[in-house]
Structures are given as structure tokens and as C-alpha cells.
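Here are the chains, one letter per residue:
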Amino acid sequence: MTNLHVIGITCIFMVLDIITGFIKAWKDNDVQSKALRAGLFHKASFLLVIVLAQSVELAADEIPQIQLDVPIVGAICAYIILTEVVSVLENLKSMNPAIGGIMNKFPAHPADEPADEPADEHNETT
């Protein structure tokens, strides 16, 4: 499969995340241009990383001094796809709590974990 196909498939997952995120916000009556803009910048950064990786692979193909035997576009796209799958499932869980059973099979995102509370200065032992 060529990089173009892999990049196209990755973009499909990114669009699915945008669509499910918008539907989730609409369901929650929480559509905000600020959140949408932040999400689109997030997706743009993913696209720019893909462009950078593709450029490096093209440079390695054309410049003999650059030796690259790792398919970095494929690896980056795989990471992005996995990230988007989790995000889409989170959005779907918010829209339909019955999907929560599926989500419990995935480890929690570190940002979703409760933060450790700072130690009380008066109870510290030295």
C-alpha cells in the first residue's frame, strides 16, 4: 500500500473524529467555536507531521547520503489512527452510554486519571 493510501485512510479517521466530536457537542448543547478551532488546529498539526514524515522519506529516496529503512509515514499514521479511534469511541460513549462497556476494555488516558493531591505542608515529616 502506498503512502498516499495510508495518508488517505488516516484522514478518514481524523474526519470521523471531527464529525463525532461535533455531534457529541451538539447533543450536549455545547457547540463552541473555540473548541472546534482547537480541534482543527490539533488535526492540522497531525497533517503537518505527516507532511514532514513524507518529505523525509522522499528526501531519503532522492539523496543517497540519507539512509532511511524505517517507514516513518506508516508508523506516524498508525499512531494517529489509534489516537483517533480512541477519541471516536470516547465521543460515541458520550452519545450512547451503552458503548461504555467497550470503552472499559481500553486503559484510561492519563489526562482522565485523577490528579494526585499535593501533600499538606503541615503534615510533612522530615
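Keep in mind the model is a prediction, meaning the values are calculated, not measured. (Residues numbered from 1 in each chain as written. Predicted model: local features only at pLDDT ≥ 70, side-chain atom pairs only at ≥ 80, totals over all residues. Heavy atoms only, no water.)

### Side note on the confidence of the model for the protein chain
Item 1. Counting all residues, the mean pLDDT for the protein chain is 83, and 78% of those residues have values of 70 or more.
Item 2. Per-element confidence in the protein chain ranges from a low mean pLDDT of 64 for helix α4 (residues 100-103) to a high of 93 for helix α1 (residues 3-27). (pLDDT = per-residue confidence, 0-100. Helix = DSSP H or I, 4+ residues; strand = E, 2+ residues; numbered from the N terminus.)

### Considerations on helix α2 (residues 33-62)
Item 1. Taking 1.5 Å per residue, 30 residues should reach 44 Å; α2 reaches 43 Å between its end C-alpha atoms and fits that length.
Item 2. For α2, every residue scored as buried is listed here: Lys43, Phe46, Ile50, Ala53, Gln54, Glu57 and Ala60. (Expected span 1.5 Å × (residues − 1). Buried < 20%, exposed > 50% of the residue type's maximum accessible area, 1.4 Å probe, protein only.)

### Notes on unusual backbone geometry
Item 1. Phi is positive for asparagine 29, close to 55°, though the residue is something other than glycine.
Item 2. Along the polypeptide, asparagine 29 turns up in the loop between α1 and α2.
Item 3. Residue asparagine 29 is classed as exposed on the basis of its relative accessible area, which comes to 73%.

### Here we look at the pattern of salt bridges
Item 1. Going through the model one piece at a time under the given rule, you end up with three salt bridges.
Item 2. Ionic pairing is found between lysine 27 and aspartate 28, a salt bridge with its closest N-O pair at 3.2 Å.
Item 3. Here the salt bridges do not stand alone but share partners, grouping Asp17, Lys43 and Glu84 into one network. (Salt bridge = Lys/Arg side-chain N within 4 Å of Asp/Glu carboxyl O.)

### Side note on the packing of α1 against helix α3 (residues 72-95)
Relative placement of two packed helices is described by the angle separating their axes and the distance separating the axes.
Item 1. At a minimum axis distance of 9 Å, the contact between α1 and α3 shows a crossing angle of 20°. The orientation of α1 with respect to α3, classified from their angle, is roughly parallel. The two elements α1 and α3 meet at a crossing, and its hand is left-handed.
Item 2. Each residue belonging to the contact of α1 with α3 can be placed in one class, and the counts come to 15 nonpolar, eight polar and four charged. (Axes fitted to C-alpha atoms, helices over the stretch in contact; angles between N-to-C directions. Parallel < 35°, antiparallel > 145°, perpendicular 65-115°, else oblique. Left-handed = near helix turned anticlockwise from the far one by under 90°. Nonpolar A, V, L, I, M, F, W, Y, C, P; charged D, E, K, R; others polar.)

### Regarding the environment of isoleucine 81
Item 1. Position of isoleucine 81 relative to the elements: it lies in helix α3.
Item 2. Once the C-alpha coordinates of isoleucine 81 and isoleucine 9 are considered, the two residues, 72 residues apart in sequence, prove to be 8.4 Å apart.
Item 3. Filtering out sequence-adjacent residues up to four positions away, isoleucine 81 remains in contact with Ile9, Thr10 and Phe13. (Contact = heavy atoms within 4.5 Å.)

### Things to note about the side chain of threonine 20
Item 1. Mapped onto the elements, threonine 20 comes out in helix α1.
Item 2. For threonine 20, a relative accessible area of 10% gives the class buried.
Item 3. Beyond its immediate chain neighbours, meaning those up to four positions away, threonine 20 contacts Val88, Asn91, Leu92 and Met95.

### What about the nonpolar core?
Item 1. Core analysis: the largest hydrophobic core is formed by nine residues, namely Val6, Ile7, Met14, Phe46, Ile50, Ala53, Val73, Cys77 and Ile80.
Item 2. Only α1, α2 and α3 provide two or more residues apiece to this core.
Item 3. What isoleucine 80 contacts, discounting residues up to four positions off in sequence, is Thr10, Met14, Phe46 and Ile50. (Core = buried A, V, L, I, M, F, W, Y, C linked by side-chain atoms within 4.5 Å.)

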